[in-house]
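Tertiary structure, described
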Amino acid sequence: MSRVLIVGAGVTGSLCACLLRREMQSKVQIVVWDKSRGTGGRMSTSRNPDGTSSLADLGAQYISATQYYAQAHHSIYAELLAHGILKPLEATVEGLRDVDGTKNYVTPAGMSSIAKHFLKESGAQLHFDHHVTSLFRRGASWEVHRKGGEPEKFDAVVLTMPVPQILQLQGDLSDLLAADQREQLEAVSYSSRYALALFFPPAATVPVPWAAWYVPGNPCIRYVAVDDRKRGQESPDCGSSLVVHTSVPFGLQHLELDKEEVRPIILEELHKLVPGLPQPTSTKCQKWRYSQVLTAVPGCPGHMTLLAEPLLVCGGDGFTHSNLDGCVESALRVLGALKEASVQWEAPC
């Protein structure tokens, strides 16, 4: 049985694991490593530590499906809708631009439920707090090293983290990159921003008429959402949560500060925009150094094969674009590379 390591438990990595399982059934052992403590990547969902408040999506807020991708990825959308992972966005989002034919969806159980669904379907061995540091070619396999753990060998490795993190990997990767590949990867760029979640007690009321608001002209805050209202999950037994996203210029300006230094700046500006907010029971600040792709790999190929044998392939939104459909496109292209490699895995000695 061949072992495949997928690095990253975001949507690209989780869907890739799911599609690979459906394609190859029991012929492959799928292992997923993620350096964080949960699934979702930049589609992550946070909880109030005391469990009395609603969930909070600190990354992507909702899914927008254009007519083209709704058709091209119909089976993916149909699966997610059938399982209740997605449902139509019905709440009021002030400042949301209507695009003809585009459908917007929310996730009742939080954005991370998309990755969780695909990982469950994949049957993959999932390991958190596994931070990959280096890769070494060992004959027909890869020896993968991580912080605080023993190295392991795999027949194929898929890297789905942000491109700058791929370029930081030690070992044989640097020598394997062709000059044009390195140039293309180094040209990938991302926006940066902060996100802040406020968790309120069950009796608290958030005094705004909208579910979410794209804030015009504010140098600090670009977006605010009453997250449970946005997802259609308001309940008197559960406190609301408020999510704030900063503007990209603010994120870039404060990028090298500790997030605890940035938190009071965002809170001060929030209280100016939304006066009368109740006292939260807790808050959580998230720095997104790699928020959304500004410049992808030229041509948006969906993946890049760094070595065919043993297979080392990269994927993720850096090779497409930063939304669900970009992740789906990348997962499909990576699957194609894995299927080609599987012919060699199954070849007789």
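This text follows the structure it describes.
Definitions and limits used
Residues numbered from 1 in each chain as written. Predicted model: local features only at pLDDT ≥ 70, side-chain atom pairs only at ≥ 80, totals over all residues. Heavy atoms only, no water. Helix = DSSP H or I, 4+ residues; strand = E, 2+ residues; numbered from the N terminus. Rg over C-alpha atoms; globule rule 2.2 N^0.38 Å. Buried < 20%, exposed > 50% of the residue type's maximum accessible area, 1.4 Å probe, protein only. Contact = heavy atoms within 4.5 Å. Axes fitted to C-alpha atoms, helices over the stretch in contact; angles between N-to-C directions. Parallel < 35°, antiparallel > 145°, perpendicular 65-115°, else oblique. Nonpolar A, V, L, I, M, F, W, Y, C, P; charged D, E, K, R; others polar. Pairing = 2+ DSSP bridges. Polar contact = N/O pair within 3.5 Å; in protein donor to acceptor, adjacent residues only side chain to side chain. Salt bridge = Lys/Arg side-chain N within 4 Å of Asp/Glu carboxyl O. Expected span 1.5 Å × (residues − 1). Arc of directions from axis to C-beta. Core = buried A, V, L, I, M, F, W, Y, C linked by side-chain atoms within 4.5 Å. Phe/Tyr/Trp six-rings, centres within 6.5 Å; stacked < 30°, edge-to-face > 60°. Lys NZ or Arg CZ within 6 Å of the ring centre and 35° of its normal.

Quick look at the overall build of the chain now. For the chain, the helix and strand inventory stands at 11 helices and 23 strands. Rg of the C-alpha trace for the chain: 21 Å, near the compact-globule value of 20 Å for 349 residues, within the 12% margin. Summarising its shape, the C-alpha atoms of the chain cover approximately 70 × 40 × 40 Å along the three principal directions. Counting over 349 residues, the chain shows a buried share of 53%. In the chain, the proportion of contacts linking residues at least 24 apart, taken out of those at least 6 apart, comes to 73%.

Turning to the packing of helix α3 (residues 74–82) against helix α4 (residues 112–122), a few remarks are in order. It is the contact of α3 with α4, at a shortest axis distance of 11 Å, that shows an interaxial angle of 100°. Judged by the inter-axis angle, α3 sits roughly perpendicular to α4. Seen from α3, the contacting residues are Ile76, Glu79 and Leu80; seen from α4, they are Ile114, His117, Phe118 and Glu121. Looking at side-chain class alone, the contact of α3 with α4 contains 4 nonpolar, 1 polar and 2 charged residues.

Bringing the sheet that holds strand β14 (residues 170–171) into the picture now. Spatially, β12-β11-β10-β14 is the arrangement adopted by the 4 strands of the open sheet, whose pairing is mixed. Of all the strands in the sheet, just β12 (152–154) and β14 have a single pairing partner and so form its edges. Bridging between strand β10 (residues 132–138) and β14 involves 2 bridges; their strand directions are parallel. What sits directly across from Ser134, in β14, is Gln170.

All right, on to the sheet that holds strand β9 (residues 125–127) then. Hydrogen bonds between backbone groups are what pair the strands of a sheet, and the pairing can be parallel or antiparallel. Taken together, 6 strands build an open sheet; the order of strands is β9-β2-β1-β13-β23-β22 and the sheet is mixed. Each edge of the open sheet is held by one strand with a lone partner, namely β9 and β22 (303–307). Strand after strand, the sheet turns through a mean of 20° between neighbouring axes, direction not considered. Looking at chain direction, strand β1 (residues 2–7) and strand β13 (residues 156–159) are connected through 4 bridges and run parallel. Note on β13: the bridge partner recorded for Val4 is Ala156. In the packing of helix α1 (residues 11–24) onto the sheet, contacts are made with β1, β2 (28–33) and β23 (311–315), and the angle to β2 comes to roughly 170°.

By secondary structure assignment, the location of Ser247 is in the loop between β19 (241–246) and α9 (248–253). By relative accessible area, Ser247 is classed as buried at 7%. Within the structure, the side chain of Ser247 is placed 3.2 Å from the backbone nitrogen of Phe250, a separation counted as a polar contact. What Ser247 contacts, discounting residues up to four positions off in sequence, is Ser192, Arg193, Asn218, Pro219, Cys220, Ile221 and Arg222.

Where burial is concerned, most of α4 is hidden: 8 out of the 11 residues are buried. Turning to α4, its buried residues number three or more, namely Ser112, Ser113, Ile114, Ala115, His117, Phe118, Leu119 and Ser122. Gly123 occupies a position one or two residues after α4 and carries a positive phi of about 65°.

To continue, consider the pattern of salt bridges. Tallying each qualifying case throughout the model produces 15 salt bridges. The salt bridge involving Arg289 is made with Glu256; its shortest N-O contact spans 3.1 Å. Placement of the pair is Arg289 in the loop between β20 (282–288) and β21 (293–295) and Glu256 in the loop between α9 and α10 (259–273), with a sequence separation of 33 residues.

Because an α-helix packs 3.6 residues into every turn, residues spaced three or four apart end up facing the same way. Here α10 is 15 residues long and its end C-alpha atoms lie 21 Å apart, about the 21 Å a rise of 1.5 Å per residue gives. When α10 is considered as a whole, its buried residues turn out to be Val262, Arg263, Ile266, Glu269 and Leu270. Taken around the axis of α10, the buried residues stretch over an arc of 145°, which confines them to a single face. For α10, the exposed residues set more than 90 degrees away from the buried face come down to Glu268 and Lys272. For α10, the elements touching its buried residues are β16 (193–199), β18 (221–226), β19, α9 and β20. A side-chain oxygen of the first residue of α10 lies 2.7 Å from the backbone nitrogen of Glu260; this N-cap is Asp258.

A few words on the nonpolar core. Ranked by size, the top nonpolar core spans 41 residues in total, and within it Ile63, Ile114, Leu324 and Leu338 carry the most contacts. Top element by residues in this core is helix α11 (residues 324–346). It accounts for 9 residues. Among all residues touching Ile114, those that are not within four sequence positions of it are Val11, Met43, Ile63, Leu80, Ile85, Leu86, Thr107 and Leu324. Of all hydrophobic cores here, the second largest spans 30 residues; its members include Val7, Val31, Tyr190 and Leu306.

Here the structure, examined in full by the defined rule, presents 6 aromatic pairs. Ring geometry for Tyr68 against Tyr69: centres 4.9 Å apart, planes inclined by 75°, an arrangement best described as edge-to-face. Its relative accessible area of 58% is what places Tyr68 among the exposed residues. Taken together, a centroid distance of 5.6 Å and an interplanar angle of 45° make the contact between Trp210 and Trp213 tilted. Residue classification places Trp210 among the buried positions, given a relative accessible area of 6%. A cation sits over an aromatic face here: Arg146 above Trp33, 5.7 Å from the ring centre.

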